[in-house]
Amino acid sequence: MSISKTTLTYKRIILSMIIFFIIPLLFPVLNYFLNDETISYTCLINVFTAILMIYDYNLVALHYNRIKRNFKECLLYYLVGIIIFALIFVFNHFLLHGSFLTIDPHIFKKYYGGAILMLFAYCLMLPIAMSICYKCLTDRLNIKSQELMVILFSGLFFGLLFTIAFVPYDINLWIRSYILNALITSVLSYIYNQSTSFLVSALSLATVLLVYNLIIILL
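Quick caveat, the model's predicted, so the values are computed rather than measured. (Residues numbered from 1 in each chain as written. Predicted model: local features only at pLDDT ≥ 70, side-chain atom pairs only at ≥ 80, totals over all residues. Heavy atoms only, no water.)

### Comments concerning empty space enclosed by the protein
In this approach a probe as big as a water molecule rolls over the atoms, and the regions it shows empty are the leftover space. Taken as a whole and judged by the stated rule, the model has 1 cavity of 30 Å³ or more. The space that makes up the largest cavity amounts to roughly 30 Å³. Class assignment for the residues of the lining of the largest cavity results in 5 nonpolar, 1 polar and no charged. (1 Å grid on protein atoms, 1.4 Å probe; cavity = no way out; pocket = protein on both sides within 12 Å on 5 of 7 lines; lining within 4 Å. Points joined across faces, edges and corners; volume = space filled by probe spheres on them. Nonpolar A, V, L, I, M, F, W, Y, C, P; charged D, E, K, R; others polar.)

### Description of the packing of helix H7 (residues 147–166) against helix H8 (residues 171–195)
Where H7 contacts H8, the axes come no closer than 7 Å and their chain directions differ by 140°. The orientation of H7 with respect to H8, classified from their angle, is oblique. Judged by the sense of rotation from one axis to the other, the crossing of H7 with H8 is right-handed. Contact residues: Glu147, Val150, Ile151, Ser154, Gly155, Leu156, Phe158, Gly159, Leu160, Phe162, Thr163 and Ile164 in H7; Trp174, Ser177, Tyr178, Asn181, Ala182, Thr185, Ser186, Ser189, Tyr190, Asn193 and Gln194 in H8. When the residues that make up the contact of H7 with H8 are grouped by side-chain class, the tally is 11 nonpolar, 11 polar and 1 charged. (Axes fitted to C-alpha atoms, helices over the stretch in contact; angles between N-to-C directions. Helix = DSSP H or I, 4+ residues; strand = E, 2+ residues; numbered from the N terminus. Parallel < 35°, antiparallel > 145°, perpendicular 65-115°, else oblique. Left-handed = near helix turned anticlockwise from the far one by under 90°. Contact = heavy atoms within 4.5 Å.)

### With respect to the packing of aromatic side chains
Under the criterion given, the structure shown has 17 aromatic pairs. Taking the centre distance of 6.4 Å and the plane angle of 15° together, the rings of Phe20 and Phe162 count as stacked. Here Phe162 lies in helix H7 and Phe20 lies in helix H1 (residues 10–34), a separation of 142 residues in the sequence. By relative accessible area, Phe20 is classed as buried at 1%. Among the aromatic residues, those joined into a cluster by ring pairs are Phe20, Phe21, Phe27, Tyr41, Phe89, Phe100, Phe158, Phe162, Phe166 and Tyr212. The aromatic ring of Tyr55 is capped on one face by Arg12, whose charged end is 4.3 Å from the ring centroid. (Phe/Tyr/Trp six-rings, centres within 6.5 Å; stacked < 30°, edge-to-face > 60°. Buried < 20%, exposed > 50% of the residue type's maximum accessible area, 1.4 Å probe, protein only. Lys NZ or Arg CZ within 6 Å of the ring centre and 35° of its normal.)

Everything listed is a geometric property; what it means functionally is a separate question.
Here it is in structure tokens:
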């Protein structure tokens, strides 16, 4: 793959990835004390995604301004993203059965006071963190001349990293989850490439995750 000009230094790319992957590294420690996966991930995802957004504030602001400058096209791809992500989660629910972070409905109903924080973490902060990280991962790749290769690379490689980090190791579950995560990341990358803002793809995924988690909780 060819290299393109970038606004991100290697230091920023590496530190951004480290901030995100601290979440699964600290999860066993925090979960040991809290003894609840949903609450542990809620705390870690909210805190470290906030840190990631602050650290990469200029990058986030740049992509936010791209939405403002090109709102109609971004809205179009936001809707396209919702449709594709919805189809992926339907496919996963009925056929693939891969693992993706979701809220435990029993914990959600037990701790209504923290319901907003749970939804915020699992449905908004997680997609934003994922989008920032795959953007950092592919920042030095020439998207214009190798768009399909960049989409495949981000899907296969970041999907692999995400699966290793967040899915308990069971070979059958791991393979199914890798397919799911590779599909999700590839679509995140595709929507970003078309809309020019990773926030569009993040918000598309966030919308679907919100509906998906609410269905799980209510049913």
